Amino acid sequence: MTPEEALRRLEQHRDAIDQIDLAILERLNARARIVEQIGAIKKEMRFPIYEPKREDAVFRNVLTGNQGPLSEAAVRRLFERIIDEMRTLQLDRMEEENQG
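Keep in mind that what you see is a predicted model, and the values were worked out from it rather than measured. (Residues numbered from 1 in each chain as written. Predicted model: local features only at pLDDT ≥ 70, side-chain atom pairs only at ≥ 80, totals over all residues. Heavy atoms only, no water.)

K.L.:
Explain the packing of helix α1 (residues 3–45) against helix α3 (residues 72–99) here, please?
P.N.:
When two helices pack together, their arrangement is given by the angle between their axes and by how far apart the axes lie. Packing of α1 against α3 brings their axes to within 9 Å, and their N-to-C directions diverge by 50 degrees. The angle between the axes of α1 and α3 places the two elements in the oblique class. Regarding α1 and α3, the two cross each other, and that crossing is right-handed. Every residue of α3 that contacts α1 at Leu28, Arg31, Ala32, Val35, Glu36, Ile38, Gly39, Lys42 and Lys43 is listed here: Ile82, Ile83, Met86, Leu89, Gln90, Arg93, Met94, Glu97 and Asn98. Its residues assigned to classes, the contact of α1 with α3 comprises 9 nonpolar, 3 polar and 6 charged. (Axes fitted to C-alpha atoms, helices over the stretch in contact; angles between N-to-C directions. Helix = DSSP H or I, 4+ residues; strand = E, 2+ residues; numbered from the N terminus. Parallel < 35°, antiparallel > 145°, perpendicular 65-115°, else oblique. Left-handed = near helix turned anticlockwise from the far one by under 90°. Contact = heavy atoms within 4.5 Å. Nonpolar A, V, L, I, M, F, W, Y, C, P; charged D, E, K, R; others polar.)

What follows is the structure in structure tokens.
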């Protein structure tokens, strides 16, 4: 492979990653919209935002579905961050509603 071919292949792979990143973002925003709906129900019913059993179920779901190459630890870290951001979104929405 020549350096030019290598650069062209790298660019193709990076373009593919850019498209995948946008798809991931779309799915995360779809998840966030559902989380907002869940937050509204929790607020109305005065349910707690933090639900450790539900988080455990999320981890079980994604770890069972993981076919690699990401390790279980990597998947867990990624979903810990996703869950944390979704919890923050619920809290922020509740605060906005309380102020408005």
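K.L.:
Would you mind showing me how to read the nonpolar core here?
P.N.:
In a soluble, globular protein the nonpolar side chains are often hidden away together inside. In this structure, Val58, Phe59, Val62, Leu63, Val75 and Ile83 together form the largest nonpolar core, which totals 6 residues. Those elements that provide at least two residues to this core are α2 (52–65) and α3. Those residues in contact with Val62, other than ones at most four positions away along the chain, are Val75 and Phe79. One finds Ala32, Val35, Ile82 and Met86 within the second-largest nonpolar core, a separate group that totals 5 residues. (Core = buried A, V, L, I, M, F, W, Y, C linked by side-chain atoms within 4.5 Å. Buried < 20%, exposed > 50% of the residue type's maximum accessible area, 1.4 Å probe, protein only.)

K.L.:
Looking at this model, I keep getting lost on the pattern of salt bridges. Mind explaining?
P.N.:
It is possible for side chains of opposite charge to pair when their charged atoms get near one another. One pass over the full model with this rule turns up 7 salt bridges. The closest approach of N and O atoms between Arg87 and Asp84, which form a salt bridge, is 3.5 Å. Linking Arg87 with Asp84, this pair stays in helix α3, spanning 3 residues, or about one helical turn. Asp84 sits in the partly exposed class, given a relative accessible area of 28%. A cluster of three or more residues bridged by salt bridges with shared partners is formed by Glu55, Arg81, Asp84, Glu85 and Arg87. (Salt bridge = Lys/Arg side-chain N within 4 Å of Asp/Glu carboxyl O.)

K.L.:
Quick question: what am I supposed to make of the layout of surface pockets here?
P.N.:
Where empty space is left can be seen by rolling a probe of water-molecule size over the atoms. Here the largest pocket is characterised by a volume of approximately 320 Å³. Arg31, Val35, Lys42, Arg54 and Gln90 are the residues nearest the centre of the largest pocket, which is lined by 15 residues in total. Of all elements in the fold, only α1, α2 and α3 reach the threshold of two or more residues within the lining of the largest pocket. For the lining of the largest pocket, the leading source of residues is α1, giving 5 residues. The residue inventory of the lining of the largest pocket, partitioned by class, reads 8 nonpolar, 1 polar and 6 charged. (1 Å grid on protein atoms, 1.4 Å probe; cavity = no way out; pocket = protein on both sides within 12 Å on 5 of 7 lines; lining within 4 Å. Points joined across faces, edges and corners; volume = space filled by probe spheres on them.)

K.L.:
What's the story with α2 in this structure? I'm lost.
P.N.:
In an α-helix there are 3.6 residues to a turn, and that puts residues three or four apart on one side. Spanning 14 residues, α2 covers 20 Å between terminal C-alpha atoms, matching the ideal 20 Å at 1.5 Å per step. Among the residues of α2, those classed as buried are Glu55, Val58, Phe59, Val62 and Leu63. Angularly, the buried residues of α2 cover 120 degrees about the axis, an arc narrow enough to put them on a single face. For α2, exposure combined with an orientation more than 90 degrees from the buried face picks out Lys53, Arg54, Arg60, Asn61 and Thr64. Turning to α2, the residues buried within the fold contact α1 and α3. (Expected span 1.5 Å × (residues − 1). Arc of directions from axis to C-beta.)

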